[in-house]
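Reading the structure
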Amino acid sequence: MKFIRYGKYVGEPADAVDLEELIKRLGDFFLQSGFESQFYGVSQMDPERSMEALREAILRALQEGDLLPEDAMSEELRKMLQDPGAMNSQAVKDLLDKLTERLANEGFINPQQPPQVTPPPNTSARGQLGQPHERQPEARFEITDKTIDFLGFKTLQDLLGSLGRSSFGRHDTRDLATGVESGGVSRPYEFGDTLNMDISATLFNAVRREGAKVPIEMTYSDLMVHQCEYHSSCATVVLLDCSHSMILYGEDRFTPAKRVAMALSHLIRTQYPGDTLSLVLFHDSAEEVPLGELARVQVGPYYTNTREGLRMAQRILLRQKKDMRQIVMITDGKPSALTLEDGRIYKNAFGLDPFVVGQTLEEVNKCKRAGIMINTFMLASDYSLVQFVQKITAMCRGKAYFTTPYTLGQYLLMDYMSRKTKQIH
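About the cut-offs
Residues numbered from 1 in each chain as written. Predicted model: local features only at pLDDT ≥ 70, side-chain atom pairs only at ≥ 80, totals over all residues. Heavy atoms only, no water. Core = buried A, V, L, I, M, F, W, Y, C linked by side-chain atoms within 4.5 Å. Buried < 20%, exposed > 50% of the residue type's maximum accessible area, 1.4 Å probe, protein only. Helix = DSSP H or I, 4+ residues; strand = E, 2+ residues; numbered from the N terminus. Contact = heavy atoms within 4.5 Å. Pairing = 2+ DSSP bridges. Axes fitted to C-alpha atoms, helices over the stretch in contact; angles between N-to-C directions. Salt bridge = Lys/Arg side-chain N within 4 Å of Asp/Glu carboxyl O. Expected span 1.5 Å × (residues − 1). Polar contact = N/O pair within 3.5 Å; in protein donor to acceptor, adjacent residues only side chain to side chain. Parallel < 35°, antiparallel > 145°, perpendicular 65-115°, else oblique. Nonpolar A, V, L, I, M, F, W, Y, C, P; charged D, E, K, R; others polar. Phe/Tyr/Trp six-rings, centres within 6.5 Å; stacked < 30°, edge-to-face > 60°.

1. Concerning the nonpolar core
Counting residues in hydrophobic clusters, the biggest one holds 62 residues, and the most contacted among them are Leu22, Phe30, Leu54, Ile58, Leu62 and Ile330. Among the elements that line this core, the one with the most residues is helix 8 (residues 254-271), at eight residues. Among residues more than four places away in sequence, those in contact with Ile58 are Leu22, Leu26, Leu96, Leu99, Thr100 and Leu103. Counting residues in hydrophobic clusters, the runner-up holds 26 residues, among them Leu239, Leu310, Ala313 and Ile327.

Now the structure itself:
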């Protein structure tokens, strides 16, 4: 008689790894801003990531944490992972290849095949050609919008978790209006109100006026509508300093700033659907960057053209028809550059140049006249910078926070969510 023996299925070690936890551990690798390459020059920074670098980052995550459950790997594999030469082990290579394959299948990364180069013919009409030097192109990958959104969600979750209980919602004001959500007593209908009808009060008015009879005759004066709290909308521009000082002095300030901007983007999209968020980077000049590209941005040129960043932020905000308009400026340095009328860039990195400061404050004054508030998050505490930021704050009636990369997110998110009872002027 033929027998079939069944044994317990033992899955692959790669299948036991929680991909979301792995992505969280790889956050610094995905969002790196050139901090590791600062001593080799800005030109060495490559925004594209190679698959080999990704495998090395995954290996470090496996070695540092408890991503692999104890019962999912053998003693031999455990020893291989802790070996300094783990990348030379075929079993470890297979594990890393399967993890990268899972990341691609789940939509966290988008592998890119290296370009195919057709070799030239060996002979031509003019004679013999030498053998060309073969260049092996390196396989690369891109992180997807799913990864960017997930990292923003995780950052927001971590930041709000450290703040204790926080109630989400739209920006409430003291004003009442007619809308969908009831938040106050009913009142007589006026022309232009949303027809959020209070049926009971309307019928009661008609019966009180005409008496209890059928059919009930209603007039314009009988109409009653619900009142709800008026929710304002806000247009925000994150003005992010990406000058070279953001990765100098032994500290990476740019990566935490990117994390906070991603968390703010996730918060607005999920909890404040009426709000808008734009991103402007400023360095020697300034440019608007789509939020989807934020994770791929690295530090740029050396100088800080604050005025050009404010100019671009104003142009974006003046196109927005919102109740509130604000600029959230994250920087660690003094303004040291200026775009002249003929397009040339005036630069002076030594001290606070009176010409640069004067022109920058004039742009701040334009923001004030346009009703745009500026909230500044300063990642440095030099005395001259403190005075400069205080002038900006006083001119625009904004706020100034002198913080660190570690507390930046808590201050910024709490400031954004605390504006719940502002009077709209």
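2. Quick notes on the sheet that holds strand 15 (residues 373-378)
The six strands are arranged 11-10-9-12-15-16 in an open sheet whose pairing can be described as mixed. The two strands at the open ends of the sheet, each matched to only one other strand, are strand 11 (286-288) and strand 16 (400-402). Across the sheet, the axes of successive neighbouring strands diverge by a mean angle of 20 degrees, strand direction being ignored. Examined bridge by bridge, strand 9 (residues 234-241) and strand 12 (residues 324-331) share seven bridges and lie parallel to one another.

3. Here's the deal with the pattern of salt bridges
A complete count under the given rule lists 14 salt bridges for this structure. Between Glu363 and Lys366 there is a salt bridge, with the nearest N and O atoms lying 3.9 Å from each other. Here the residue Glu363 and the residue Lys366 both occupy positions in helix 10 (residues 354-369), the gap between them amounting to three residues, near one helical turn. Residue classification places Glu363 among the buried residues on the basis of a relative accessible area of 4%. Through salt bridges with shared partners, one network takes in Glu308, Arg311, Glu341, Glu363 and Lys366.

4. Some details on helix 10
The first and last C-alpha atoms of helix 10 sit 22 Å apart over 16 residues, in line with the 22 Å expected at 1.5 Å per residue. Buried residues in helix 10 make contact with helix 9 (306-318), strand 12, strand 13 (337-339), strand 14 (345-347), strand 15 and helix 11 (383-396). The backbone nitrogen of Phe355 lies 2.8 Å from a side-chain oxygen of the residue at the head of helix 10, namely Asp353.

5. Concerning the pairing of strand 15
Counted residue by residue, strand 15 has five buried out of six residues, so it is predominantly covered. With six bridges connecting them, strand 12 and strand 15 associate as parallel partners. Bridged to Val328 within strand 15 is Asn375. Note: strand 15 against strand 16, three bridges, orientation parallel. Within the sheet, the bridge partner assigned to Phe377 lies in strand 16 and is Tyr401.

6. Concerning the packing of helix 4 (residues 75-82) against helix 5 (residues 90-105)
Direction vectors running N to C along helix 4 and helix 5 enclose 85 degrees, while the axes themselves pass 9 Å from each other. Classified by the angle their axes make, helix 4 and helix 5 are roughly perpendicular. Two secondary-structure elements touch here, helix 4 through Leu77, Met80 and Leu81 and helix 5 through Ala91, Val92 and Leu95. Looking at the contact of helix 4 with helix 5, its residues break down into six nonpolar, no polar and no charged.

7. Section: the side chain of Gln326
Position of Gln326 among the secondary structure elements: in strand 12. We classify Gln326 as buried; its relative accessible area is 2%.

8. Structural notes on the packing of aromatic side chains
Taken as a whole, this structure holds four aromatic pairs when the rule is applied. Between Phe108 and Phe150, the aromatic rings sit 6.3 Å apart at their centres with planes inclined by 75 degrees, giving edge-to-face as the arrangement. In this pair, Phe108 sits in the loop between helix 5 and strand 2 (109-112) while Phe150 sits in helix 6 (residues 145-163), placing the two residues 42 residues apart along the sequence. The same class applies to Phe108 and to Phe150, which are both buried. For the pair Tyr346 and Phe355, a centre-to-centre distance of 5.4 Å together with 85 degrees between the ring planes defines the contact as edge-to-face.

9. Digging into unusual backbone geometry
For the bond running from Val214 to Pro215, omega is 0 degrees, close enough to zero to count as cis. Following the sequence through the fold, Pro215 ends up in the loop between helix 7 (199-210) and strand 8 (224-232).

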